[in-house]
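Reading the structure
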Amino acid sequence: MIGSAEFGVGVSAGRAIAGHIGAQARFEYTVIGDPVNEAARLTELAKLEDRWRRAVADLDNLRKRYARELDRERTTERSRVAGAWLPIVDNLERAISHAGDKSDAVVEGVRSILEQALQVLEQLGYPRDAEAGVAFDPERHEVVGVVDHPDSAPGTVVEVLRPGYGEGSRQLRPAAVVVSRREE
């Protein structure tokens, strides 16, 4: 025997759970031992459990997607901040090169600041790349000049005009280099 009730006495578990997750709840009471009603309750309970498992899986997928997006945003912001440092680092290097071999307190202070700036870039994941004498790599280098250089193999970086920052696919800026060519 099944009937409706305004209160929770004899409420079936399936209907009570459905009421908590947004489905319209109709409270029922049952006569204990009714096999037809028991099968209906078990079917309803299985449906609710399936909906619950799907909701939990959706929530887990959402959490993972937000974690990936957050990581991508952090990487983008790190790149933007490091890129803003590059003109400062370039200007510090120019100031030191104009000072020449002087070693007064101001020049030493500027050298110290430059070293700190380079450490910050490296900590952000963008190490300095200013190595000459290595083979030209289009992922790391930007050719700004080609010269005849009999002492080095063709395609070798002869001079670095502007250092690059980064490694692998995470290049902030490629190194501007002069490359040797084959003598003709």
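This structure is a prediction, so every number in the text was calculated from the model and none was measured. (Residues numbered from 1 in each chain as written. Predicted model: local features only at pLDDT ≥ 70, side-chain atom pairs only at ≥ 80, totals over all residues. Heavy atoms only, no water.)

Remarks on the sheet that holds strand β4 (residues 141–148)
So the rule is basically this: Pairing between two strands is assigned when DSSP locates at least 2 bridges connecting them. Each helix is a run of DSSP H or I of at least 4 residues and each strand a run of E of at least 2, with the numbering of both proceeding from the N terminus. Axes here refer to lines fitted to C-alpha atoms; in helices the fit is confined to the stretch in contact. Angles between the N-to-C directions go from 0 to 180 degrees.
Pairing in this open sheet of three strands is mixed, and the strands run β4-β8-β5 from one edge to the other. Looking at the sheet topology across the chains shown, the edges are occupied by β4 and β5 (157–162). Averaged over all pairs of adjacent strands, the angle between strand axes in this sheet comes to 30°, irrespective of strand direction. As judged from the four bridges shared by β5 and strand β8 (residues 175–181), these two strands associate in the antiparallel manner. Bridge pairing in β8 places E159 opposite V178.

A few points about helix α2 (residues 35–99)
Quick reminder: α-helices carry 3.6 residues per turn. Residues three or four places apart thus point the same way. This is how it is decided: In this scheme, a helix's expected span is set at 1.5 Å multiplied by one less than its residue total. Note on bend: the value at a residue is the angle between axes fitted to the seven residues ending there and to the seven starting there. The rule is simple: take the accessible area with a 1.4 Å probe, protein chains only, and divide by the maximum for that residue type; under 20% is buried, over 50% is exposed, in between is partly exposed.
An ideal rise of 1.5 Å per residue puts 96 Å on 65 residues; α2 measures up with 96 Å between its terminal C-alpha atoms. Most pronounced at L86, the bend in α2 amounts to some 25°, and the proline P87 follows within four residues. Buried residues of α2: N37, L48, A82, L86, V89, D90, L92, E93, I96 and A99, and no others.

Some details on helix α3 (residues 105–123)
Note the threshold: Directions from the helix axis toward the C-beta atoms define the arc. Working rule for contacts: check all heavy atoms of both residues, and any pair within 4.5 Å makes them a contact.
Over its 19 residues, α3 runs 27 Å from end to end, which matches the ideal 27 Å to within 8%, given 1.5 Å per residue. Within α3 the residues assigned to the buried category are V107, V110, L114, A117 and L121. What you see down the axis of α3 is that its buried residues fit within an arc of 80°, all on one side. Exposed residues lying more than 90 degrees from the buried face of α3 are A105, E115, Q116, E122 and Q123. In the core, the buried residues of α3 are packed alongside α2, β6 (164–167) and β7 (170–173). G125 sits one or two positions beyond α3 and adopts a positive phi of about 100°.

Some remarks on the sheet that holds β6
What the three strands build is an open sheet, ordered β3-β6-β7; its pairing is antiparallel. Single-partner strands in this sheet number two, and they are β3 (128–129) and β7. Of the pairings in the sheet, the one linking β3 to β6 comprises two bridges and is antiparallel in character. Residue pairing in the sheet places R128 in a bridge with Y165 of β6. Contacts between α2 and the sheet are confined to β3, β6 and β7, with β7 contributing the most and set at about 40° to the helix.

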